[in-house]
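# Tertiary structure, described
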Amino acid sequence: MADEVDYEALPSNAGLAVNMAAGALAGITEHAVMFPIDSIKTRMQVFATSPAAVYTGIGNAFTRISSTEGMRALWRGVSSVIIGAGPAHAVHFGMYEAVKELAGGNEGGNQWLATSLAGASATIASDALMNPFDVIKQRMQVHQSEFRSVFTALRVVYRNEGLAAFYVSYPTTLTMSVPFTAVQFTVYEQIKRLFNPTGEYSPVTHMIAGGLAGGVAAGVTTPLDVAKTVLQTRGTSHDQEIRKVGGMADAFRIIWRRDGLRGFSRGLSPRVLTHMPSNALCWLSYEFFKVAIRE
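Residues take numbers from 1 onward in each chain, read along the sequence in its written order. Given that the model is predicted, a residue must reach a pLDDT of at least 70 before its local features are reported, and side-chain atom pairs must reach 80 or more before they are shown or counted; all residues, however, enter totals for whole chains, interfaces and linings. Calculation of side-chain values draws on the structure's entire complement of heavy atoms; hydrogens and water are dropped beforehand.

Let us look at the pattern of salt bridges. Within this document, salt bridges are pairs made up of a side-chain nitrogen of Lys or Arg and a carboxyl oxygen of Asp or Glu, the two lying within 4 Å of each other. Summed over the entire model, instances satisfying the criterion amount to 17 salt bridges. In this structure, K137 engages D38 in a salt bridge whose closest nitrogen and oxygen atoms are separated by 2.8 Å. Of this pair, K137 sits in helix α6 (residues 112–141) while D38 sits in helix α3 (residues 35–45), and the two are 99 residues apart along the sequence. Here K137 matches D38 in class, with each residue buried. Here a strand is any run of E in DSSP of at least two residues, a helix any run of H or I of at least four, and the numbering for each starts at the N terminus. Type-normalised accessible area, obtained with a 1.4 Å probe on protein chains alone, sets the label of each residue: buried when under 20%, exposed when over 50%, and partly exposed for intermediate values.

If you check the backbone angles, Q144 has positive phi at about 60° while not being a glycine. Mapped onto the fold, Q144 is located in the loop between α6 and α7 (150–161).

Moving on: the side chain of R43. Considering the arrangement of structural elements, one finds R43 in helix α3. On the basis of relative accessibility, which here comes to 5%, the residue R43 falls in the buried class. At 3.1 Å, the side chain of R43 forms a polar contact with the side chain of Y55. One polar contact links the side chain of R43 to the main-chain carbonyl oxygen of Q141, over a distance of 2.9 Å. We call two residues in contact whenever any of their non-hydrogen atoms come within 4.5 Å of each other. Not counting residues up to four positions away in its chain, the partners in contact with R43 are A53, Y55, I65, E69, A73, R76, Q141, V142 and H143. Identification of polar contacts relies on pairs of N or O atoms within 3.5 Å, with a donor-acceptor requirement for protein atoms, meaning one able to donate a hydrogen and the other able to accept it, and with residues adjacent in sequence counted only if both atoms are side-chain atoms.

Moving on, we get to the nonpolar core. Working definition of a nonpolar core: buried Ala, Val, Leu, Ile, Met, Phe, Trp, Tyr and Cys residues. They are joined through side-chain atoms within 4.5 Å. If you look at the biggest cluster of nonpolar residues, it comprises 14 residues, and the most contacted ones within it are F93, Y96, F185, Y188, W283 and Y286. Those elements that place two or more of their residues in this core are α5 (78–102), α6, α8 (170–195), α9 (203–232) and α12 (268–294). If we skip the residues at most four places from it in the chain, Y188 touches H206, A209, G210, A213, W283 and E287. Listed in part, the 12 residues of the second largest apolar core include V168, A227, L231 and V245.

Expected helix span is computed as 1.5 Å times (number of residues minus one). Spanning 30 residues, α9 covers only 36 Å between terminal C-alpha atoms, well under the ideal 44 Å at 1.5 Å per step. A residue's bend is given by the angle between axes fitted to the 7 residues ending at it and the 7 residues starting at it. Most pronounced at T222, the bend in α9 amounts to some 60°, and the proline P223 follows within four residues. Among the 30 residues of α9, 21 are classified as buried, and the element is accordingly described as predominantly covered.

Now for the environment of I191. Note on placement: I191 falls in helix α8. Separated by 19 residues in the primary sequence, I191 and G210 place their C-alpha atoms 8.6 Å from one another. Contacts of I191, omitting those with residues within four sequence positions, involve A209 and L212.

A surface patch of nonpolar side chains, amounting to about 550 Å² of accessible area, comprises L194, F195, V204, I208, L212 and M276. Among the secondary structure elements, those contributing two or more residues to the nonpolar patch are α8 and α9. Looking at the nonpolar patch, the element that brings in the most residues is α9, giving 3 residues. As for its position among the elements, L194 is in helix α8. Surface patches are drawn from residues lacking salt bridges whose relative accessible area is over 30%; two like charges belong together within 9 Å, two nonpolar side chains (Val, Leu, Ile, Met, Phe, Trp, Tyr) within 5 Å. Each accessible area value is a Shrake-Rupley result obtained with a 1.4 Å probe; residue values ignore everything except the protein chains displayed when judging cover.

It is worth spelling out the packing of α9 against helix α11 (residues 248–259) at this point. Note on geometry: axes are C-alpha line fits, over the in-contact stretch for helices, and angles between N-to-C directions span 0 to 180 degrees. Remark: α9 packs on α11, axes separated minimally by 9 Å, with the N-to-C direction vectors making an angle of 105°. Relative to α11, the element α9 lies roughly perpendicular. Residue-level inspection shows P223, L224, V226, A227, V230 and L231 of α9 in contact with α11, the latter providing M248, A251, F252 and I255. Partitioning the contact of α9 with α11 into residue classes produces 10 nonpolar, no polar and no charged. In what follows, roughly perpendicular refers to angles from 65 to 115 degrees, roughly parallel to angles under 35, roughly antiparallel to angles over 145, and oblique to any angle outside these ranges. Three residue categories are used. Nonpolar comprises Ala, Val, Leu, Ile, Met, Phe, Trp, Tyr, Cys and Pro, charged comprises Asp, Glu, Lys and Arg, and polar comprises the others, including Gly.

To describe a pair of aromatic rings, you give the distance between the ring centres and the angle between the ring planes. Working definition: rings of Phe, Tyr and Trp (its six-membered ring) pair if their centres are within 6.5 Å, and the pair is stacked with planes under 30 degrees apart, edge-to-face with planes over 60 apart, and tilted otherwise. The tally for this structure, following the rule as stated, stands at 7 aromatic pairs. Where Y96 meets F185, the ring centres are 4.0 Å apart and the plane angle is 20°; that geometry is what we call stacked. Here F185 lies in helix α8 and Y96 lies in helix α5, a separation of 89 residues in the sequence. Residue F185 is classed as buried on the basis of its relative accessible area, which comes to 1%. Here the aromatic cluster, defined as three or more aromatic residues joined through ring pairs, consists of Y96, F185, Y188 and W283. A cation over a ring is seen here: R266 above F47, with NZ or CZ 4.0 Å from the ring centre. When the NZ atom of lysine or the CZ atom of arginine is within 6 Å of a ring's centre and also within 35 degrees of its normal, the charge is said to sit over that ring.

Following this line, the structure appears as C-alpha cells:
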C-alpha cells in the first residue's frame, strides 16, 4: 500500500521532539504499571532492623504489606516516579535516537556497537535527572516511611542531609545503569532483528524483545541495584553503620559482611518481574506513541 507506515524508518526521520515525547509517555506508563512490585523489591533489599520489615518473597511481602498497611502502601512514592519519569525518559530516548543516528546505528546490518553506545549515552543523561526522584521514591517505599508527600520528603531530606543525599548513589546508579541499558538495547535490537527481519510493524515482536531484554539486563545488574538501595535509603535506617555509608564500596562491604554472596541477589525476583513486563510495555508504548505522534 502506498500510504503504509514505514515503521522501521521512523527512528531516522521522526525527529528529536517525537522521540522525546514518545519516550516520556512510555516511561510514565512503564513505571506506573509495575510500581507495586518495585516497592516490594525496595523493601526486600533494605537491611531491616525490625522483623516486621523482613520479607521472604514476593507473595509473602504482598500479603503482609496489604494486610497490615493496606494496598495504598504499595503505591507510596509513585508520584515521584511520575514527576521524574516523563522528563528523564524524554531525555533518555531523545539521546538514544540522536547518538544511534550519529553512530550509524540506523544503517543496515548488525550495528551492536552503535546501539550499545547510544544506550549508554542515554542513561548517563537521564539518570542525572532521575536520581533525586528515585531517592525520594525509595524513601517513601520503605517500611514505616514518615513521608506521604514528594515535596515534604524533598524538603526534609534536603534539610537534614543536604544535596549530597540525592546524588550519593549516582555513581552506583551509572555503574549499574550504563551496562543495564547497553545490555537492554543490544539484546532488544538483536531479538527484534531476529524475530522481525523484514522490519515491518510488529507490536508482538517489540513486546517480546523488550521483555526479554529487560529481564536479562535486570538479572545481570541486581548486585549493583542492592548497593544503590542501601545508599538511597541510608537516611531512613536506624543502623548507624548504614547511615554512615559513603559510597558503592562501603555498600558492597556491608552487603558482603552481613549477608554474604546471597546478599547481592536481594530483590532479584521482583526486579526481574518488574523489568520484563515494564520493558515490554515501555518499548511497545514508545514505538506506538512515536507512530501516533508522527501521524
